[in-house]
Amino acid sequence: MFTLEWTAPATTTYLQLKAAAETSLKARKANKKTKASKQEGLFKQVAKSIQYLALNPAHPSLNTHEFDSIVNPYDPKAKVFEAYAQNNTPGAYRVFWCYGPNEKQITILAVTPHP
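Residues numbered from 1 in each chain as written. Predicted model: local features only at pLDDT ≥ 70, side-chain atom pairs only at ≥ 80, totals over all residues. Heavy atoms only, no water.

A.B. asks: Go over the overall build of the protein with me, naming the residues and quoting the values.
C.D. replies: Secondary structure assignment for the protein yields two helices and five strands. Along its sequence from the N terminus, the protein presents helices and strands in the succession β-α-α-β-β-β-β. With the C-alpha coordinates of the protein rotated into their principal frame, the extents come out at 50 × 25 × 25 Å. Among the 115 residues that make up the protein, the fraction classed as buried is 37%. Expressed as a percentage of contacts within the protein between residues at least 6 apart in sequence, the contacts between residues at least 24 apart total 45%. Accessible area for the protein stands at about 7,300 Å²; split by element, carbon and sulfur atoms hold 55% of it. (Helix = DSSP H or I, 4+ residues; strand = E, 2+ residues; numbered from the N terminus. Buried < 20%, exposed > 50% of the residue type's maximum accessible area, 1.4 Å probe, protein only. Contact = heavy atoms within 4.5 Å. Areas by Shrake-Rupley, 256 points an atom, 1.4 Å probe, with all protein chains shown as cover.)

The structure is reproduced here in structure tokens:
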């Protein structure tokens, strides 16, 4: 298992997704609807992918691969990776991460829709 570190932008995005999901859940319960909203589903997918990342960065559902457009904040020669939170969805969300700063740590650099 890895412990997770978060950059400020990744934390902000994650908390915004969580707040939108919670707001949607409250509205859904108030209206006595059973079907989850897109916001709820998106947050659930992002949270699940981050849980998998902490357990096993090579988990098959993450489709983890190198990403060259972001520089590793701890070592410019080290790799940055992209993991899927969604797949086959327009603007599918991705989690960008790297190993470090310490052993058995992963830093979440960004949580963002795929460009």
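A.B. asks: Outline the nonpolar core, supporting the account with residue identities and numerical values.
C.D. replies: Grouped together as the largest cluster of nonpolar side chains are 20 residues, with contacts concentrated most on Leu17, Val46, Leu53, Tyr93, Trp97, Ile108 and Val111. Those elements that place two or more of their residues in this core are α1 (8-30), α2 (38-55), β3 (81-84), β4 (93-99) and β5 (105-113). Among the elements that make up this core, the one with the highest residue count is α2 (six residues). Other than its neighbours up to four places away in sequence, Ile108 contacts Leu4, Glu5, Trp6, Thr7, Ala10, Leu53, Val95, Phe96 and Trp97. By size, the runner-up hydrophobic cluster in this structure holds six residues, among which are Val80, Phe96, Cys98 and Leu109. (Core = buried A, V, L, I, M, F, W, Y, C linked by side-chain atoms within 4.5 Å.)

A.B. asks: Outline the pairing of β5, supporting the account with residue identities and numerical values.
C.D. replies: Among the nine residues in β5, seven count as buried, and that is most of the element. Note: strand β1 (residues 3-6) against β5, four bridges, orientation parallel. Each residue of the ladder has a partner; that of Leu4, found in β5, is Ile106. As judged from the seven bridges shared by β4 and β5, these two strands associate in the antiparallel manner. Across the sheet, the residue bridging to Tyr99 is Ile106, located in β5. Counted between consecutive antiparallel strands, the loop separating β4 from β5 contains five residues, among which Gly100 sits at a positive phi close to 120 degrees. (Pairing = 2+ DSSP bridges.)

A.B. asks: Now, about the pattern of salt bridges: what can you tell me, with residues and values included?
C.D. replies: The tally for this structure, following the rule as stated, stands at three salt bridges. For the salt bridge of Glu40 with Arg28, the shortest nitrogen-to-oxygen distance reads 2.8 Å. Here Arg28 lies in helix α1 and Glu40 lies in helix α2, a separation of 12 residues in the sequence. Residue class for Glu40 comes out buried when judged on its relative accessible area of 13%. By relative accessible area, which is 16% here, Arg28 ends up buried. (Salt bridge = Lys/Arg side-chain N within 4 Å of Asp/Glu carboxyl O.)

A.B. asks: Which residues make up unusual backbone geometry, and what values go with them?
C.D. replies: Here the residue pair Gly100 and Pro101 is connected by a cis peptide bond, since its omega of 10 degrees sits within 30 degrees of zero. For Pro101, the location among the structural elements is in the loop between β4 and β5. Although it is not a glycine, Asn63 adopts a positive phi angle of roughly 50 degrees. Considering the arrangement of structural elements, one finds Asn63 in the loop between α2 and β2 (65-66). In this structure Asn63 comes out as partly exposed when scored by relative accessible area, which is 34%.

Coordinates in, geometry out; function isn't part of it.
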